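# Fold and contact review
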Amino acid sequence: MPRSTSPSPTASSPSKVDSILSIDQHLVTDVVRTLALNTISAHQNGISLDWHDAELGVYLVFIFGEINKTGGKGRAAFCRAPTVDKDRRKATDYSEYPLTTHGEMLYALVQSGISSYPHHAVSLQFFETVSCYTDFFKIRKECIIPILEAMVDNRGLRNENPTFRLRLFYLFHRFIKEAKNDIPPDIITNITQSILDLLPIEAEIQEVDDFDEDLIIEAVKSSTFDSQLYLYETAGILCSLPFRSPEQQASLFLSLVKPLTNELSINLQASTKGVQDILPIVKVHHIIMALGNISKGFPDYPPTLPEGYTLPPLDVLGQVAQAILMCLEAMDAHKVVRMRIIATAGPSVTHFIPPLMANLLAHFEPSELVDFMNFIGLLVHKLQKDMFDVLDQLIRPLSTHITALLSQPITGTDDERAHTDTKKVYLSLLNNIMSNKLQGIFTSERNSGSFETLIHNLRRQAEDVSDPSSQKVALTFLNKGVNIWGRPILDNTQGGLPGFDCFIYKRLVPTIFHIPHPPSSISKMGR
């Protein structure tokens, strides 16, 4: 079977060639160019080639970009065009400019038809090469369609070799992701529909006698499915491209997610019947992952919507989020199903987060809780004020749960690590909330009753000299709190918080003076 990735020239080239390259680069590049073009031309003219000669010819095109130290970057590596301002590059027609040596080699490679060579090593090296140099297709856009045709037929995604196909899932994703803005709009639907038959999920589970959670965790580990996830994300990227036609985009997106949500419903019912069968649980996990990766293909929701921005199909994304939430509610005891949620739709799906947390909080393991808080922190950064209502519902039960968790005794190094990570991420989340000017959630009508407890716990963290990192973050929060809630009260809507100035002088100021010399350090200082 051919290598899954091409070796670097420094690893594969003899030392004599490296020495010559350092002395006379043009001598080496001329030889590489001549041998590559002669091999490619021979194949195109119908001359029979041994597979290793054909592979070498394609591989020389691949390594040329690495050994040609005088080549430019981006489009300049393949086209002799004048310097163009960044905002004008998309409108510039590069087809009228001559190709560089590497551009000529890539153009000859695409036109040669060598992707049809009947040996996996040759065709795989071809796809590795064109996926590596996607900037070439920005200056010779007519070469995009032949590459896509080769990728979706039996030369690529439908190749008879399973290992080859799995590698093509990634290379297809890489090519589409880098060349998406140059793909002709009229072929997007056809390309998407051509891969629909590759999307159904197949989960093969060996029969077992014992049914436990560890076994399920092992069962969901599948290199085949992990590679297939690239295909789902690619489908999402393709679906995001016809944004100027919302109806077409919604229809295309629905054609991707509808079969998955139907299968999700079937497997959810099977998994909750009380029968100890691992397969439905694994399939639910896989389907949720697949739906998430399809949405991952869409652009991130912008913090501020620019004028004329076309939103993704939010109604369909909402249906997908609702389906995932139903699964999490029904299967929250299974670790492999938790923590899979869609954030592509921005504020339109944030209302799902509080009920999600309410169902999962009791089941979270420490690592999952850390991931969840990091996820919330990311949403706070991206969505800012749109997260206010979510955080208003979230912060009190989350803080209560964290406080209870941190008060538990530490029984080993794993507990100590989990304790430290949880505290660090929680304090970072609180500071993230303050930095994004969402501090009103701490003193809202819903949470005002727990505000004093929150500040008290943070003051205790600030006094804990055994954990300097968390101590510093806690002090940062309190400092921000002083600047916000300790200001003079101007009226009912502006200024500080009533009574907080007294708290500063009675509690925080003594804390600051206490931190440098805690009682436990006095005896050490005497020594």
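Bear in mind that the values here come from a model prediction, so they are computed numbers and not experimental data. (Residues numbered from 1 in each chain as written. Predicted model: local features only at pLDDT ≥ 70, side-chain atom pairs only at ≥ 80, totals over all residues. Heavy atoms only, no water.)

A few words on the overall build of the protein chain. Counting its regular elements, the protein chain contains 22 helices and 0 strands. Looking at the protein chain residue by residue over its 527 residues, the buried ones come to 46%. Across the protein chain, contacts joining residues at least 24 apart in sequence account for 74% of those joining residues at least 6 apart. Of the roughly 27100 Å² of accessible surface on the protein chain, 51% is carried by carbon and sulfur atoms. (Helix = DSSP H or I, 4+ residues; strand = E, 2+ residues; numbered from the N terminus. Buried < 20%, exposed > 50% of the residue type's maximum accessible area, 1.4 Å probe, protein only. Contact = heavy atoms within 4.5 Å. Areas by Shrake-Rupley, 256 points an atom, 1.4 Å probe, with all protein chains shown as cover.)

A separate point is the confidence of the model for the protein chain. Of all residues in the protein chain, 81% have pLDDT values of 70 or greater, and the mean over the chain is 82. Scored below 50 in pLDDT, residues 1-13 makes 29 contacts in the model with residues more than four places away or belonging to other chains. Under a pLDDT of 50 for its full length, residues 522-527 has, in the predicted model, 1 contact with residues more than four places off or in other chains. (pLDDT = per-residue confidence, 0-100.)

Their axes nearest at 8 Å, the elements helix α11 (residues 223-240) and helix α12 (residues 246-271) cross at an angle of 155°. On the basis of their axis angle, the class for α11 and α12 is roughly antiparallel. Contact residues: Y232, A235, L238, C239 and S240 in α11; Q249, L252, F253, L256 and L260 in α12. Broken down by class, the residue content of the contact of α11 with α12 amounts to 8 nonpolar, 2 polar and no charged. (Axes fitted to C-alpha atoms, helices over the stretch in contact; angles between N-to-C directions. Parallel < 35°, antiparallel > 145°, perpendicular 65-115°, else oblique. Nonpolar A, V, L, I, M, F, W, Y, C, P; charged D, E, K, R; others polar.)

What follows concerns unusual backbone geometry. In this structure, K437 takes a positive phi of about 60° despite not being glycine. Residue placement: K437 occurs in the loop between α18 (413-435) and α19 (448-463). Owing to a relative accessible area of 71%, K437 belongs among the exposed residues under this scheme.

Let's shift gears to the environment of T443. Checked against the element boundaries, T443 lands in the loop between α18 and α19. In this structure T443 comes out as partly exposed when scored by relative accessible area, which is 27%. When the C-alpha positions of T443 and D392 are compared, they lie 9.4 Å apart, and in sequence the two are 51 residues distant.

Next up on the list: the environment of D392. By the secondary structure assignment, D392 is in helix α17 (residues 388-406). Looking at D392, the relative accessible area reads 10%, which means it is buried. It is 8.4 Å that separates the C-alpha atoms of D392 and G440, two residues lying 48 residues apart in sequence. When sequence neighbours within four positions are dropped, the list of residues in contact with D392 reads I441, S444, R446 and N447. Polar contacts involving the side chain of D392 include one to the side chain of N447, which spans 3.0 Å. (Polar contact = N/O pair within 3.5 Å; in protein donor to acceptor, adjacent residues only side chain to side chain.)

Applying the stated rule across the entire model yields 13 salt bridges. Ionic pairing is found between E128 and R167, a salt bridge with its closest N-O pair at 2.8 Å. Taken together, the positions of E128 in helix α6 (residues 120-132) and R167 in helix α8 (residues 162-179) put the pair 39 residues apart, joining distant regions of the chain. In this structure, the salt-bridge partner of D467 is K423, at a minimum N-O distance of 3.1 Å. (Salt bridge = Lys/Arg side-chain N within 4 Å of Asp/Glu carboxyl O.)

To describe a pair of aromatic rings, you give the distance between the ring centres and the angle between the ring planes. Under the criterion given, the structure shown has 17 aromatic pairs. With centroids separated by 6.3 Å and ring planes inclined at 45°, the aromatic side chains of F451 and F500 adopt a geometry described as tilted. With F451 in helix α19 and F500 in helix α21 (residues 500-514), this residue pair connects regions lying 49 residues apart in the sequence. When sorted by exposure, F451 lands in the same class as F500, which is buried. A connected cluster of aromatic rings, assembled from ring pairs, spans Y59, F62, F78, Y133, F136, F137 and F175. (Phe/Tyr/Trp six-rings, centres within 6.5 Å; stacked < 30°, edge-to-face > 60°.)

As a further point, take the packing of helix α16 (residues 366-383) against α17. Packing of α16 against α17 leaves a shortest axis separation of 13 Å and a crossing angle of 150°. In terms of orientation, α16 lies roughly antiparallel with respect to α17. In terms of crossing hand, the pair formed by α16 and α17 is left-handed. Contact residues: α16 offers L369, F372, M373, I376 and V380, while α17 offers L391, L394, L398, H401, I402 and L405. Across the contact of α16 with α17, the residue classes tally to 10 nonpolar, 1 polar and no charged. (Left-handed = near helix turned anticlockwise from the far one by under 90°.)

Moving on, we get to α6. Taking 1.5 Å per residue, 13 residues should reach 18 Å; α6 reaches 18 Å between its end C-alpha atoms and fits that length. Counting buried positions along α6 yields 11 of 13 residues, so the element is predominantly enclosed. Within the sequence span of α6, burial applies to A121, V122, S123, L124, Q125, F126, F127, E128, T129, V130 and S131. Buried positions along α6 lie against α4 (51-67), α5 (101-112), α7 (144-152) and α8. (Expected span 1.5 Å × (residues − 1).)

Here we take up a nonpolar patch on the surface. A cluster of nonpolar side chains, namely Y505, V509, I512 and F513, defines an oily patch on the protein surface of about 470 Å² accessible area. Examined against the element boundaries, I512 turns out to sit in helix α21. The class of I512 is partly exposed, set by a relative accessible area of 47%. (Patch = residues over 30% accessible without salt bridge, like charges linked within 9 Å, V, L, I, M, F, W, Y side chains within 5 Å.)

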